[in-house]
Amino acid sequence: MGTSQSREDRISESDTESDSDYYEEEDEDQYDDAKKQGSSSVSGTRPSDSSSSSSGPTDSSSLDIEQKLKALKLKYPSSSSVTPKMKNAVKLYRHIGGNTPKAKWIVSDKMTSYKFVKTSSANGEDIGDYDDCEESGEGGESFWFLGVGTKVKARVSTDMQLKMFGDQRRVDFVSNGVWALKFLTDEDYRKFVTRFQDYLFENVYNIRASEENRVKVYGKDFIGWANPEAADDSMWEDAEAPPEEEETQGKRNTDLTEEFEEVANGGVQSLTLGALDNSFLVNDYGVQVYRNMERGIHGKGVCVRFDSGNSKFGSGSSQTTPNKALLMRAETNMMLMSPAKQGKPNSTGVKQLDIESGKIVTEWKFEKDGTEITMRDITNDTKGSQLDPSESTFLGLDDNRLCQWDMRDRRGIVQNIDSPILEWTQGHQFSRGTNFQCFATTGDGSIVVGSLDGKIRLYSKTSMRMAKTAFPGLGSPITHVDVSYDGKWILGTTDTYLVLICTLFTDKNGLTKTGFSGRMGNKIPAPRLLKLTPLDSHLAGKDNKFHGGHFSWVSFTSHIITVFLRFLIVYKTKSHCLCCVLFAGN
């Protein structure tokens, strides 16, 4: 998959003759065919003309030919390009060959048209019955669909992984295959992109894409979030990596591919990056150990297995497989949290794993005021507290709770006690509706929280009650969140894309702050959306999702690492794109 992008960035000229060339060739062919038909007709009515052709036609026969040609209403080609009178005209391409050496773009339709239709049909089967921009008028919930000729019917959503190439007047997307649309003019291209974004907004929020409604959804301070693709590059200068020679860059990408090609043996649950020698990937069978390297991580071939012989996890079923891992005590211990019920992420406790021995040393329970409660996520008190060998506290998050847990018993340090109770030291029970999903901490203990509605909230280290800044959602739930050590960068993970946020702003006194220490107001740069290319997304298979995007420890300087189904992905800050998709599974 890592080699696919060079094939996707540009459709070669051998596949893409210019639109004007195509139309002129088509018209000339039509003209020649018609001329032959006219000659044949004349020949059939005046057979004697053929015998005298050498001496030229008579005036009468010439007039006869001219009248018949006019009757055919031919369109003669002009010196300038001929623009078709087809509404929403596009050229349609399809990618074939997957990631094999024979992979290429082919012309699916030299000329066709697209349309957007709003229908309640589940898969848009009836969009052929309606015209562009028409609504079916049927009862029930309805959504906008994109139709291209008779070959493409796709609901307008982030699942399409639409990617724009403005310099080529082209968009690529996924819909039971990988497709590309090439537009005839810049105006046609911009019109399509604007309409797609408007209909995507309407499908997500179920309201029209007007300026007024965008303000209602995002807030007046975040109106720039309505179009994150138009982010100002100047806001991201600190994120740029040092320039590298092309030859060196290519070699590093190759090295990364080789380093990541390690078998994961099972579905990935979480990725935990260490600051010392190792990082850890939790899958259905155990904990895979990776060695931290300058340019990423490399499999060590070591796995702590979850089985009845070596741990208390049982058979490794879906009910006992951990979905969250947290490093503690100088990264010699790991807290593993497993769902209490199948299909639910919430847990009633955690298990403490000694990494060196591979054994569970203690199982802890979550309890408050004598009542058992659940947690959805856990994280360290600060970004660096996992390096503290005496660390005994960590943070917990549930749908409407944010709190701190203490592993020490009131009577002393807990050691090998059956199901000890974690001590609730501080926290807050929020009113229902926050729908917290995940969280992370900075180096000073400030907290970033991601929610089901896509919102990302920033809490200072001094309060768990009131968020200093609340970034609006972009329509998809945040399933994982990470933050750089200095709090300048936030990375939110959704199923189909990553959200990269810069928290820096200048206050009224001219001081540079982060959103954790002050309210950003309207000085908020638009986020960056990091997505797979449509081709890579399609090659990964159905039901693929991003899992746990992380900054490389400890700051946003070189790489972002995330998991996509059975693949590990490396994001290079220099190019602001997911440039390497590297195998980490079967």
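Scroll up a little and you will see the structure.
1. Focus: the overall build of the protein chain
Helix and strand counts for the protein chain stand at eight helices and 38 strands. Residue burial in the protein chain is summarised as follows: out of 586 residues, 49% are buried. Put simply, of all contacts in the protein chain between residues at least 6 apart along the chain, 53% involve residues at least 24 apart. Here the protein chain displays about 28,100 Å² of accessible surface, and carbon together with sulfur accounts for 46% of that area.

2. Re the packing of helix 5 (residues 186-205) against helix 6 (residues 211-218)
The relative placement of two packed helices is expressed as an angle between their axes plus a distance between the axes. Across the interface, helix 5 lies against helix 6 with an axial gap of 12 Å and an inter-helix angle of 50 degrees. With respect to helix 6, the axis of helix 5 lies oblique. For the element pair helix 5 and helix 6, the recorded crossing hand is left-handed. Residues Asp198, Phe201 and Tyr205 of helix 5 form the contact with helix 6, whose participating residues are Asn213, Arg214, Val217 and Tyr218. A per-class count over the contact of helix 5 with helix 6 returns four nonpolar, one polar and two charged.

3. A word on the nonpolar core
Membership of the largest hydrophobic core comes to 23 residues, with the highest contact counts inside it found for Phe116, Leu146, Leu181 and Phe192. Elements supplying a minimum of two residues to this core: strand 1 (89-96), strand 2 (104-119), strand 4 (143-148), strand 5 (152-155), strand 7 (170-174), strand 8 (178-183) and helix 5. For this core, the element with the most residues is helix 5, which contributes six residues. For Phe192, the contacting residues outside a window of four places in its chain are Tyr114, Phe116, Leu146, Val171, Leu181 and Phe183.

4. A look at the sheet that holds strand 14 (residues 333-337)
Pairing between the strands of a sheet comes from backbone hydrogen bonds, and it takes one of two forms, parallel or antiparallel. With antiparallel pairing, the four strands of this open sheet are ordered in space as 13-14-15-16. Each edge of the open sheet is held by one strand with a lone partner, namely strand 13 (324-328) and strand 16 (359-365). Recorded for the sheet is a direction-independent mean angle of 25 degrees between the axes of neighbouring strands. For strand 13 and strand 14, the ladder comprises five bridges, and the chain directions are antiparallel. Looking across to strand 14, one finds that Leu327 is bridged to Met334.

About the cut-offs
- Residues numbered from 1 in each chain as written.
- Predicted model: local features only at pLDDT ≥ 70, side-chain atom pairs only at ≥ 80, totals over all residues.
- Heavy atoms only, no water.
- Helix = DSSP H or I, 4+ residues; strand = E, 2+ residues; numbered from the N terminus.
- Buried < 20%, exposed > 50% of the residue type's maximum accessible area, 1.4 Å probe, protein only.
- Contact = heavy atoms within 4.5 Å.
- Areas by Shrake-Rupley, 256 points an atom, 1.4 Å probe, with all protein chains shown as cover.
- Axes fitted to C-alpha atoms, helices over the stretch in contact; angles between N-to-C directions.
- Parallel < 35°, antiparallel > 145°, perpendicular 65-115°, else oblique.
- Left-handed = near helix turned anticlockwise from the far one by under 90°.
- Nonpolar A, V, L, I, M, F, W, Y, C, P; charged D, E, K, R; others polar.
- Core = buried A, V, L, I, M, F, W, Y, C linked by side-chain atoms within 4.5 Å.
- Pairing = 2+ DSSP bridges.

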